[in-house]
Amino acid sequence: MADPPKVSVSPSSSNSSSIVNSAVPLSSFETTNLSATIGSLRINDTSSSVETGTVNSGCLGPSMISQESESIPVNLLSSSSSNHQNETLAQPKLKAILPGFLQCTYTPCYCEENIWLLCDKIRTEYSSELVHCVVVFISNPKRMVPLWRQKSGKTEDKLAIWDYHVILLYNPDDRCVVYDMDSDLPFPTHFHKYVTETFRTESVLQPEYHRFFRLLNGPDFLNLFSSDRSHMVKGDGSYVHPPPPYPPIYTHGVNNLEEFVDMTYPSEKTEFGEVLNLMDLVRRYYKSKRPSS
């Protein structure tokens, strides 16, 4: 993924490059208490809980990881918090299917290849778990998607604007965690924690900056994906960003990256997956949990 043109995050009717909906007060955009109403779910960024009484995700902030009894993801993914007691008793803890971030192959701005290599590692070491992995391409027709909590972000809340981004979901049962190698959130992070802090809400954004999501399962992504990295090559033959040290994942002799980044919506499901909007995504992967009485 390359860096898209710089745009302003300040709502101004005189600035056509602003990503923010000028009808929404700036305080609504800047506040850390930003909320989104999605169907019957009201998700709050600061608590990362759902205000309908569901169990808190229990995700750890980056500064807390070394202080807790459970590391993410090397040992355990579920929280020892009393809020999670009923869930923990009822379900086994999620498998740690990937190594820690430092053991992963990572090249900045080549997120699609980073995720392909993660899927390949799962196929080699945890083959039965690959069917529970979903690859998610994030983009829009404008090829400018605002994501928060990104390591490359320069603002206080780490806002970055990508032409596209790629993450991995691990969804073995009614739980789901997100692996994003470019996020400053824990690796991995529970789904609704990731959504509330990374995507926030579409209501503060101009419609052309709304995020769309192309989903396909891990095995299909491994079999289909093929890129010659030409999208990262400038006119003089140099790279926009330094390429990975290994050869391109160019398995089919054709560059089909554009098929994955295309966010035509609505559209029929194809061999390259299906496209969802943010509401669709949350409805599919956020499963509310209530303590048993």
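Source: prediction; values computed, not measured.

Trainee: What am I meant to see in the sheet that holds strand β6 (residues 165-170) here?
Mentor: Strand pairs in the sheet, formed through backbone hydrogen bonds, run parallel or antiparallel to each other. Here 6 strands make up an open sheet; going across it, the order is β8-β7-β6-β3-β9-β10 and the pairing antiparallel. Both outer strands of the open sheet, β8 (189-190) and β10 (274-277), are each paired with one neighbouring strand and no more. One ladder, built from 6 bridges, connects strand β3 (residues 133-139) with strand β9 (residues 212-217); its direction is antiparallel. Residue pairing for β9: V135 is matched across the bridge by L216.

Trainee: Would you mind going over the confidence of the model for the protein with me for this structure?
Mentor: When pLDDT is low, close inspection of the predicted coordinates is not appropriate. Per-residue confidence for the protein gives a mean pLDDT of 76; residues scoring 70 or more make up 68%. Low pLDDT, under 50, characterises residues 10-16; the stretch is placed with 9 contacts to residues that sit more than four places away or in other chains. Note on residues 22-89: pLDDT under 50 across the span, and 135 contacts to partners over four residues away in sequence or across chains.

Trainee: Sorry, what's going on with the side chain of R214 here?
Mentor: Structurally, R214 can be placed in strand β9. A polar contact is formed between the side chain of R214 and the backbone oxygen of D262, at a distance of 2.8 Å. Here F272 takes part through its backbone oxygen, which lies 3.3 Å from a polar atom of the side chain of R214. If we ignore the near neighbours within four places in the chain, the residues touching R214 are V135, V136, F137, E259, F260, D262, M263, T270, F272, G273, E274 and V275.

Trainee: Can you walk me through the pattern of salt bridges in this structure?
Mentor: Side chains that differ in charge, positive against negative, can pair when their charged atoms come close. All told, the structure shown has 12 salt bridges when counted by the stated rule. The salt bridge involving R123 is made with D120; its shortest N-O contact spans 2.6 Å. Of the two residues, R123 and D120 are both situated in helix α3 (residues 111-125); the distance of 3 residues between them amounts to about one turn of the helix. Relative accessible area serves as the criterion here: at 22%, D120 is assigned to the partly exposed category. Here R200 ties to D157 by a salt bridge, and the two come within 3.5 Å at their closest N and O atoms.

Trainee: What exactly am I supposed to notice about the side chain of R229 here?
Mentor: Looking at the element boundaries, R229 is found in the loop between α5 (218-224) and α6 (257-261). Excluding anything up to four places from it in sequence, R229 contacts Y110, E113, Y239, P243, P244, Y246, P247 and P248.

Calculation notes
Residues numbered from 1 in each chain as written. Predicted model: local features only at pLDDT ≥ 70, side-chain atom pairs only at ≥ 80, totals over all residues. Heavy atoms only, no water. Pairing = 2+ DSSP bridges. Helix = DSSP H or I, 4+ residues; strand = E, 2+ residues; numbered from the N terminus. pLDDT = per-residue confidence, 0-100. Contact = heavy atoms within 4.5 Å. Polar contact = N/O pair within 3.5 Å; in protein donor to acceptor, adjacent residues only side chain to side chain. Salt bridge = Lys/Arg side-chain N within 4 Å of Asp/Glu carboxyl O. Buried < 20%, exposed > 50% of the residue type's maximum accessible area, 1.4 Å probe, protein only.

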